[in-house]
Amino acid sequence: MAGGRLVLEGRVSVSAFLLGLSVVLIPLLRACCGPLDRLFDRLTDTSGKAAICVHVAAANGLLLVVYRGPLYKVAVRACFLGVIFGCGLILSCSGTSWTHFGWYLCSLSFFHYSEYLVTAVINPRSLSLDSFLLNHSLEYSVAAVSSWVEFTVEKLTVPELKQQNWLCWVGLLMVLCGEGLRKAAMLTAGSNFNHIVQNEKAQSHVLVTGGVYALFRHPSYVGWFYWCTGTQVMLCNPVCIVGYTVASWRFFRERIEEEELSLIHFFADDYVEYKKKVPTGLPFISGVRVN
């Protein structure tokens, strides 16, 4: 923020996200045409799908008229995430076997949008389209698609596996706690937070040891780890639960070691002392070894 005001890109993203989220108005309007218990059926019939497609096309057309260049790129991504969040809400309230997948859509879209929005608030100088983390890596995209495939295949072949409501609630709790911890870490770090590991110390860079950083050395990674694994627990995806846990653990182990080399270079003995007192927060990861 500059002078306490959200930067232009942040304000554009909020407007576009809400525009996409307005897809939830479709079931509300269609509810006037019949009983609520058949609402989901009416949304998944041909006319319901057509109404959602028309909404998306109209929203994109409006964004093309209002924004140009870089701002349009921000707006269309935020609007897309808003649509996904809205569709997730619709599924969550459908009372069908797809309810938990609706939770997942809400969790996924909110995570990516809030990464951009919080970055716009705390560190607008580092803000870019990459702040959405939509193009995080090829491995991340493959993992996401794999979870969708597993959920669909298992839902069609062993539907009872997807009806473990208690496990879905555990997953939802992991997602909410992980998301909350990560965003608390970003807000606490402020302008010191960056999605990219920094190899050069900025003049404004300080060692943050308060707030959630007094509990964990890497609270943003802890939050992301449990959020990531929690999404698969929520979907009751046994294969991806194991796969996500192992892959995330290996990624953060390497990332923490890389980051701590820079932090020791930046803050020397101050970081070494902090490292001795506060754990990383991730199981069996102690960080870079210091002789």
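Please refer to the structure placed before this passage.
Before going into details, it helps to say that this report is about the structure given with it. Model, not experiment: these values are computed from the prediction. (Residues numbered from 1 in each chain as written. Predicted model: local features only at pLDDT ≥ 70, side-chain atom pairs only at ≥ 80, totals over all residues. Heavy atoms only, no water.)

### Quick look at the packing of helix H6 (residues 99-122) against helix H8 (residues 165-189)
A pair of packed helices is characterised by two quantities: the angle between their axes and the separation of those axes.
Then, number 1: One can describe the packing of H6 onto H8 by two numbers: an axis separation of 11 Å at closest approach and a directional angle of 5°. Relative to H8, H6 is oriented roughly parallel. Between H6 and H8, the contacting residues are His100, Trp103, Ser107, Phe110, Phe111, Ser114, Glu115, Val118, Thr119 and Ile122 on the first element and Asn165, Cys168, Trp169, Leu172, Val175, Glu179, Arg182, Lys183, Met186 and Leu187 on the second. (Axes fitted to C-alpha atoms, helices over the stretch in contact; angles between N-to-C directions. Helix = DSSP H or I, 4+ residues; strand = E, 2+ residues; numbered from the N terminus. Parallel < 35°, antiparallel > 145°, perpendicular 65-115°, else oblique. Contact = heavy atoms within 4.5 Å.)

### Let's talk about the side chain of arginine 217
Then, number 1: Take arginine 217: it is sitting in the loop between H8 and helix H9 (219-234).
Then, number 2: In this structure arginine 217 comes out as buried when scored by relative accessible area, which is 6%.
Then, number 3: Separated by 3.2 Å, the side chain of arginine 217 and the backbone oxygen of lysine 275 make a polar contact.
Then, number 4: If near-sequence neighbours (up to four positions away) are discounted, arginine 217 is found in contact with Glu260, Tyr271, Tyr274, Lys275, Val278, Pro279, Thr280, Ser286 and Gly287. (Buried < 20%, exposed > 50% of the residue type's maximum accessible area, 1.4 Å probe, protein only. Polar contact = N/O pair within 3.5 Å; in protein donor to acceptor, adjacent residues only side chain to side chain.)

### Section: the packing of aromatic side chains
Then, number 1: Evaluated as defined, the whole model comprises 17 aromatic pairs.
Then, number 2: When the centroid spacing of 5.5 Å and the interplanar angle of 40° are considered together, the rings of phenylalanine 111 and tryptophan 224 count as tilted. One end of the pair, phenylalanine 111, is in helix H6; the other, tryptophan 224, is in helix H9, and 113 residues separate them in sequence. One exposure class covers both phenylalanine 111 and tryptophan 224, and it is buried. (Phe/Tyr/Trp six-rings, centres within 6.5 Å; stacked < 30°, edge-to-face > 60°.)

### Concerning unusual backbone geometry
Then, number 1: With phi around 60°, leucine 133 is a residue other than glycine that occupies positive phi space.
Then, number 2: Turning to its location among the elements, leucine 133 is positioned in the loop between H6 and helix H7 (138-157).
Then, number 3: Residue classification places leucine 133 among the buried residues on the basis of a relative accessible area of 7%.
Then, number 4: Not every positive phi belongs to a glycine, and phenylalanine 284 is a case in point at roughly 60°.

### Topic: the pattern of salt bridges
Then, number 1: All told, the structure shown has six salt bridges when counted by the stated rule.
Then, number 2: Between arginine 182 and glutamate 115 there is a salt bridge, and its shortest N-O distance comes to 2.8 Å. Of this pair, arginine 182 sits in helix H8 while glutamate 115 sits in helix H6, placing them 67 residues apart in sequence. (Salt bridge = Lys/Arg side-chain N within 4 Å of Asp/Glu carboxyl O.)

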